[in-house]
Amino acid sequence: MVHRPRIQNEADGDGSGVSRSPEVLVRREDQPPARRFLTRVDSVVEYDSHVRVATPDGETPYAFVVVATGHYGVPRIPGEWTGDNCYHASSLQDLSRIQSDQSVLVIGSGQSGVEICEEIIEDRPDIRLSWCTGRKVKLITRHSPLAMLGTCVRYATRDEAPRGFVITKSPSTVSTHCTIMPTRVLHVDGGRVEFSDGSVQKFDHIIAATGYASPTGLDFPAPNPARTKGMRLSPRSRIASLNHDGDGCGGASMRCARKQAAAVGRLFAGLGDPKKSPA
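Computed from a predicted structure; not experimentally measured.

Attention shifts here to the overall build of the protein chain. Each helix and strand counted, the protein chain has three helices and 21 strands in total. For the protein chain, with 279 residues in total, the buried portion stands at 43%. Sequence-distant contacts, at least 24 apart, represent 62% of the contacts inside the protein chain between residues at least 6 apart. As presented, the protein chain carries roughly 15100 Å² of accessible surface, and 50% of it is formed by carbon and sulfur atoms.

Quick look at the structure:
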């Protein structure tokens, strides 16, 4: 049984905000900046003057809290996808469950999707591999100048719909040994998969590289376009959530990560100054 810590606002007395990260790194205000300790967070309550964090050792007030729990969120698979052979990428510890010459469909246009495809191509060339990207993607190497933009950026030509950049070790290897399907999955029923282009195919294994649910349940306001991409704030601006789910930033871009880090620094420095913008 996984313990589910609660994150809520002071006014949210019913504790409806839920965070599903069982363990997080927390730095106390009275500890040196370089010292951190691993513990479980039971609840986070935001007040006008501080944020109260409760752990098994007690409660501690903090001036500012950054939620950067990453992959400790809950794996996300659409409810209409059913079948024992359809599973989230986080449960794929190795490829031993896949037999020789079986067909595998990887769903997800992000870095997780292409990295799973790379692993299958390298370790199990006997597997018939397909990759459903949901859109047209441009494969680039890690050494490409475009790699600094990460997967947050899309580009478009005059004759084509927007594409996304996906960073891979070898674009030619992936495109040669993997059937890339730039269409969306509508429904999964066992091994039967319906696609948005009207086609229906069967696969022995379906790996969902579809990300994770948001690690926080705070009632965040709608993101302001002027604020840093991928970052959201709590109502009192004392809790910042990085790489927030649904804001178009999966953390693959170093540029995006640096902007979020700088914005957090400005937030903390500007606490208590009403003239300073929160991000």
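Bringing the sheet that holds strand 18 (residues 200–202) into the picture now. The strand order across the open sheet built from four strands is 8-16-17-18, with neighbouring strands paired in mixed fashion. A single partner strand is all that each edge strand has here, and the edge strands are strand 8 (81–82) and strand 18. With two bridges connecting them, strand 8 and strand 16 (residues 185–189) associate as parallel partners. Across the sheet, W81 pairs through a bridge with V188, a residue of strand 16.

Read from one edge of the open sheet, three strands run 7-21-20, paired in mixed fashion. Single-partner strands in this sheet number two, and they are strand 7 (65–67) and strand 20 (232–233). Direction of pairing for strand 7 relative to strand 21 (residues 239–241): parallel, over a ladder of three bridges. Looking across to strand 21, one finds that V67 is bridged to S241.

Attention now moves to the environment of G230. Positionally, G230 belongs in the loop between strand 19 (205–208) and strand 20. Between the C-alpha atom of G230 and that of Q260, which follows or precedes it by 30 residues, the distance is 7.6 Å.

Moving on, we get to the environment of R135. Relative to the elements of secondary structure, R135 occurs in the loop between strand 11 (128–132) and strand 12 (137–140). The exposure class assigned to R135 is buried, which follows from its relative accessible area of 16%. Measuring from C-alpha to C-alpha, the distance between R135 and T183 comes to 5.7 Å, with 48 residues separating the pair along the chain.

Conventions adopted
Residues numbered from 1 in each chain as written. Predicted model: local features only at pLDDT ≥ 70, side-chain atom pairs only at ≥ 80, totals over all residues. Heavy atoms only, no water. Helix = DSSP H or I, 4+ residues; strand = E, 2+ residues; numbered from the N terminus. Buried < 20%, exposed > 50% of the residue type's maximum accessible area, 1.4 Å probe, protein only. Contact = heavy atoms within 4.5 Å. Areas by Shrake-Rupley, 256 points an atom, 1.4 Å probe, with all protein chains shown as cover. Pairing = 2+ DSSP bridges.

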